[in-house]
Amino acid sequence: MAAPAMAATWVVNPNGTGDFTTIQAAMDSEWTSGDTIKIAYAVYREPVAVDAKGWDLTIAGVPSPTGDLPVIDGMNGTIELPGLVDGDYGCGNCSMYLYDGNFIVSNLLVTNALYNGLVAHSDIGGGQTVQITDVVAAENGRHGINIIGYDEAVLTGIAAYDNGWAGIHTKSTDYVEGTDLYCYDNGDGLQICGSDEVHLSFVEATGNGWHGVNVHLRDSSTALISDILVTDNGYDGLFVKGSDLSTADISRVVSTGNGGDGMVLNGFDTFTVNELILDGNGVEHDLGPGSVLSTDCRNAAIENGEECSGMSSLFADGDAAVMTNSVAHDLRGEGNGLFVVCCGDGLIDDVEAEQPVGGYPRRCDRRCGHLRLYADTNGYLGGILTMSLSDELFMPMGVWSDTGAKMESGAMVNTFETAFTQMIASVVNATVVSENEFVLGGENVSILVEDVIADGPDVTLSSVGANNNGYAGIGVIAPPYVIASDIIADENGESTTDFAGTLTGAGLVGASFVGEYSDIEASDNGGAGMAAASLALGIGDAMFTGNGANAFSEIHGPLFQTGLLTVSLVNEFLNVHADDNAGSGILMTSVITGCYKCTASGNEYGGIVTADPP
């Protein structure tokens, strides 16, 4: 039996010491599957191409003694790329075109192509792979590196800069793995379109005109992304889009100074995000009074009705969300740090959001959790907002001025007030059957407190701080069941003078069928310390002092200057202290009230005032 043929190594050197003096001559030679073409250091002013017909080929540059890479110069399209037997290569004018093979490429600089620098294109399918290592793609008219139709692409140690389109671009490639990738001053940095599985680590994308890293996945796909640095890009730093049953695990992301959002996570069924630093993203601009969020736009449009104009930093369309150990601060008009919309079951853990104009808005359709969360010194509505409302009251965002210090219209206030008023209407129109049972007026629906509690909390707040925000500190509006503990909401509502007599200056606003609050401090807020509307409301170990300085109005008088303001049917308060407020200490409407070990002293109006529901 004949021995198998040994893989051959072919050498290209323009000085005549190798097998070929041009790269194209080597590509056109009688190489066979498994062979290697070594390219000696030189500047090769020729676009090159090969049809591997499904074979394996290694193309390895040999750097100079000083580390310079062999250069393949596409000559800006002035030299025609050699054609295939069945036509052209389909890439326009490239520096290097690799077609229908399993390729291993290393140690090359591809540059000066009219279109793409290096293209690897598979039409065969069925397990084809491409590996590209230590390649530089620079100053090409379109993509620096463009990979199309492969089953697997592994990219390592690549630098792509000054390319007209994406520095690195993959399309319809099932599995993409990238490590140690550097993309700067391109149109897009790294762009991945239509993959089933993406693994990215140690990626840096800086100064690109559009996104830093832009990933679009297929249905039922997976993204594992870690150790990402995206800075000073024209639009979003990191954008990752899934669909249907897609999952994402994203960690250790630094996204700063981008023109859009720090991070966008769009359309995932489940995701885990931790250790984020999102700092100084967004651009300052003056949005007109028509600016509202669109429920039809999966990226949360906010620019005068234009869809998907860049408001969302995080978006989840599915059932589970976990975010941990994250920082988001110093954000401006169009950029948010973390913005979660339409998430089913969620957990947000150890997050800091400091000084973003947009605060920390979140919409939960089902269950949400906020644990060890801090949102301080925001100029917008407040630190934290959770809403579970009808589509007509999707997310009350209002508009910004060019500084973001206060709102230019009452859109936010009106929607926020309307949502709270709807809950009040549900409460006051309900009939009390017992401490445990209520019948909603007009709907004849019986609500048992024990059933609501048995289903578990829809929103959980624990170890949450929201302080020094221009408007309300924390708003939790319209979920059935809320549990909140270890809450600090101090010195909010300094911007409420334009909207005196509203909820927007409160430290904590809660509206739910059943609310359980403990270990609460809400002091020195411009409006009420806490305003709550519930069928059944329990508050324990709470302090509401020094509130209401900015909330007197001609319409409501001192109503919103109260330490604790509640509209509920059954109250039970234990160790609640409401002292030295500009209005009353505790003002509550209820049918059944228990108030144990409560104090209300030094208030400008009544200490503890009770009234029947209106």
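Quick look at the overall build of the protein
Broken down by element type, the protein carries three helices and 39 strands. Burial status across the protein gives 57% buried among its 614 residues. Within the protein, contacts between residues separated by at least 24 positions form 56% of all contacts whose residues are at least 6 apart in sequence. Summed over its atoms, the accessible surface of the protein is roughly 22,100 Å², and 50% of this surface lies on carbon and sulfur atoms.

Concerning the packing of aromatic side chains
For the structure on display, the rule yields five aromatic pairs. Summarising the aromatic geometry, the rings of tryptophan 31 and tryptophan 55 are spaced 5.7 Å apart at their centres and angled 80° between planes, so their arrangement reads as edge-to-face. Separated by 24 residues along the polypeptide, tryptophan 31 in the loop between helix H1 (23-27) and strand E2 (35-40) and tryptophan 55 in the loop between strand E4 (48-51) and strand E5 (56-62) bring together distant segments of the chain. Classification of tryptophan 31 by relative accessible area gives buried; the value is 6%.

A look at the sheet that holds strand E28 (residues 437-440)
With respect to topology, three strands assemble into an open sheet ordered E27-E28-E29, the strand pairing being antiparallel. A strand with exactly one partner marks an edge of an open sheet, and here the two such strands are strand E27 (431-434) and strand E29 (445-448). Looking at each pair of strands side by side, their axes are set apart by 25° on average, direction ignored. Bridge count between E28 and E29: four bridges; the pairing is antiparallel. Following the sheet pairing, phenylalanine 438 is matched in E29 by isoleucine 447.

What about the confidence of the model for the protein?
When pLDDT is averaged along the protein, the result is 75; 71% of the residues meet or exceed 70. Considering only residues more than four positions removed or in separate chains, one finds that residues 85-90, a stretch of pLDDT under 50, has 10 contacts. Within the model, pLDDT remains below 50 along residues 284-412, and this stretch shows 434 contacts once partners closer than five positions in the same chain are excluded.

Topic: the environment of alanine 425
Here alanine 425 is to be found in helix H2 (residues 411-428). The sequence separation of alanine 425 and alanine 533 amounts to 108 residues, and the corresponding C-alpha distance is 9.4 Å.

Topic: the pattern of salt bridges
Counted according to the given criterion, the structure contains four salt bridges. Lysine 53 is paired through a salt bridge with aspartate 51; the nearest N and O atoms lie 3.7 Å apart. Its relative accessible area of 59% is what places lysine 53 among the exposed residues. With a closest N to O distance of 3.0 Å, arginine 218 and aspartate 196 form a salt bridge.

Digging into the environment of alanine 60
With respect to the helices and strands, the residue alanine 60 is situated in strand E5. Classification of alanine 60 as buried rests on a relative accessible area of 14%. Considered as a pair, alanine 60 and lysine 38 are 22 residues apart in the sequence and their alpha carbons are 4.9 Å apart. For alanine 60, the contacting residues outside a window of four places in its chain are Ile37, Lys38, Ile39 and Ser106.

Rules of the game
- Residues numbered from 1 in each chain as written.
- Predicted model: local features only at pLDDT ≥ 70, side-chain atom pairs only at ≥ 80, totals over all residues.
- Heavy atoms only, no water.
- Helix = DSSP H or I, 4+ residues; strand = E, 2+ residues; numbered from the N terminus.
- Buried < 20%, exposed > 50% of the residue type's maximum accessible area, 1.4 Å probe, protein only.
- Contact = heavy atoms within 4.5 Å.
- Areas by Shrake-Rupley, 256 points an atom, 1.4 Å probe, with all protein chains shown as cover.
- Phe/Tyr/Trp six-rings, centres within 6.5 Å; stacked < 30°, edge-to-face > 60°.
- Pairing = 2+ DSSP bridges.
- Axes fitted to C-alpha atoms, helices over the stretch in contact; angles between N-to-C directions.
- pLDDT = per-residue confidence, 0-100.
- Salt bridge = Lys/Arg side-chain N within 4 Å of Asp/Glu carboxyl O.

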